[in-house]
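Close look at the chain arrangement
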Amino acid sequence: MSRRGALLFAAMGVIWGIPYLLIKVADSGVSVPVLVWTRVTVGAVILVPVALAQGAWRPEGRALLRRYWPWVLSYAVIEIIAPWALLSTAEHRLSSSTSGLLIASVPAIGALLAWFFLSARLSRVRAAGLALGFAGVALLAAPNAGRGDLLADGEVLLTAVCYAAGPMIANRKLIGVPSIAANATCLVIAAVAYTPAAVLTWPHAVPSARVIAALVTLGAVCTAAGLVGYFMLIAEIGAARATV
């Protein structure tokens, strides 16, 4: 791994290691649709001006997005719209640490998806690594997950499947689209999709400062910076290694 890859890898470990705690905090003050809508809207407010400055929606940029439109929409649904709702819903009934541990199955799921759908080579050593990874997740997560809500456990594991599939789409189908343009477009799509539900469940009182800080951090750091950094990491070291 290059020095750039190592730095991006370490940064993403931090940026996408903290959302579970922040989601737990935000869950206490707003509904799931408001949480996800706020997160994607804050991210969009940051990334859209940057994308505009880079010419993402000039004629050539629009043509590029139209060309990749089905895959941009697929990525938005699989990486953002579906998993963020599932994870935020599950954390109403699970601790943030249990959620994070269950999400740790993403690299193993990603390797299995690559083997099944992309015919990626799965050597004995890699197979043993997958088995060891699943066993480690089970050992760490089972004590709390087993005593909790099985439906919530399933929601987090389905989130892990989405997180494993999303990078495969980005790595194979969106390689020609600038990362900021792709992510800004995905966030706008997600914001539009969640607007009706967010309006219907909008809080009657202003949330606490703690909740607002969690929402802003989720949007600015874990969404805007996180998605751009993740695309850069995928381009640098590949989808399978990036999910680690």
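This text goes with the structure placed above it.
Okay, so let's go over this structure. (Residues numbered from 1 in each chain as written. Predicted model: local features only at pLDDT ≥ 70, side-chain atom pairs only at ≥ 80, totals over all residues. Heavy atoms only, no water.)

What follows is about the packing of helix α2 (residues 19–27) against helix α3 (residues 32–53). Where α2 contacts α3, the two axes come as close as 10 Å, and the packing angle between them is 130°. One finds that α2 runs oblique with respect to α3. Handedness of the crossing formed by α2 with α3: right-handed. The segment α2 lies against α3, with Ile23, Ala26 and Asp27 engaging Val32, Leu35 and Arg39. Taken together, the residues of the contact of α2 with α3 break down into four nonpolar, no polar and two charged. (Axes fitted to C-alpha atoms, helices over the stretch in contact; angles between N-to-C directions. Helix = DSSP H or I, 4+ residues; strand = E, 2+ residues; numbered from the N terminus. Parallel < 35°, antiparallel > 145°, perpendicular 65-115°, else oblique. Left-handed = near helix turned anticlockwise from the far one by under 90°. Contact = heavy atoms within 4.5 Å. Nonpolar A, V, L, I, M, F, W, Y, C, P; charged D, E, K, R; others polar.)

This next bit is on the environment of Tyr163. Along the chain, the position of Tyr163 falls in helix α9 (residues 150–173). With a relative accessible area of 13%, Tyr163 lands in the buried category. Sequence-wise, Tyr163 and Ala225 are 62 residues apart; in three dimensions their C-alpha atoms are separated by 17 Å. Excluding anything up to four places from it in sequence, Tyr163 contacts Glu79, Pro83, Trp84, Leu87, Ile103, Val106, Tyr230 and Thr243. A distance of 3.1 Å separates the side chain of Tyr163 from the side chain of Trp84, its partner in a polar contact. (Buried < 20%, exposed > 50% of the residue type's maximum accessible area, 1.4 Å probe, protein only. Polar contact = N/O pair within 3.5 Å; in protein donor to acceptor, adjacent residues only side chain to side chain.)

Right, let's talk about the pattern of salt bridges for a bit. A full pass over the atoms with the stated rule returns two salt bridges. Arg4 is paired through a salt bridge with Glu236; the nearest N and O atoms lie 3.1 Å apart. Within this pair, whereas Arg4 is found in helix α1 (residues 3–15), its partner Glu236 is found in helix α11 (residues 209–237), the two being separated by 232 residues in sequence. For Arg4, a relative accessible area of 45% gives the class partly exposed. Among the salt bridges present, the one from Glu155 reaches Arg93, with a minimum N-O distance of 3.1 Å. Residue Glu155 is located in helix α9, and its partner Arg93 is located in the loop between α5 (69–90) and α6 (96–103); the two are separated by 62 residues in the primary sequence. (Salt bridge = Lys/Arg side-chain N within 4 Å of Asp/Glu carboxyl O.)

Counted at 1.5 Å a residue, the expected span for α3 with its 22 residues is 32 Å, and the 32 Å between its end C-alpha atoms agrees. Maximum bend of α3: about 30°, positioned at Val45, with proline Pro49 one to four residues after it. Burial in α3 covers these residues: Val32, Pro33, Val34, Leu35, Val36, Thr38, Arg39, Val40, Gly43, Ala44, Leu47 and Ala51. Buried residues belonging to α3 abut α2, α5, α10 (179–200) and α11. Of the residues flanking the end of α3, it is Gly55, one or two places downstream, whose phi is positive at about 80°. (Expected span 1.5 Å × (residues − 1). Bend = angle between axes of the 7 residues up to and from the residue.)

Mapped onto the elements of the fold, Thr159 is located in helix α9. Thr159 sits in the buried class, given a relative accessible area of 0%. When near neighbours in sequence (up to four residues on either side) are disregarded, Thr159 contacts Pro83, Leu86, Leu87 and Ile103.

Looking now at the nonpolar core. Core analysis: the biggest nonpolar cluster contains 73 residues, and Leu35, Val40, Tyr75 and Ile80 have the highest contact counts within it. For this core, the element with the highest residue contribution is α11, accounting for 13 residues. Setting aside chain neighbours within four positions, we find Ile80 in contact with Val40, Tyr75, Cys186, Leu187, Ala190 and Leu227. (Core = buried A, V, L, I, M, F, W, Y, C linked by side-chain atoms within 4.5 Å.)

Counting through the fold element by element, Arg241 comes out in helix α12 (residues 239–242). For the pair formed by Arg241 and Thr195, sequence separation is 46 residues and the distance between their alpha carbons is 34 Å.

Next up on the list: α5. With 22 residues, α5 extends 30 Å between its outermost C-alpha atoms, agreeing within 8% with the 32 Å of an ideal straight helix rising 1.5 Å per residue. The largest bend along α5 measures about 40° and falls at Val77.

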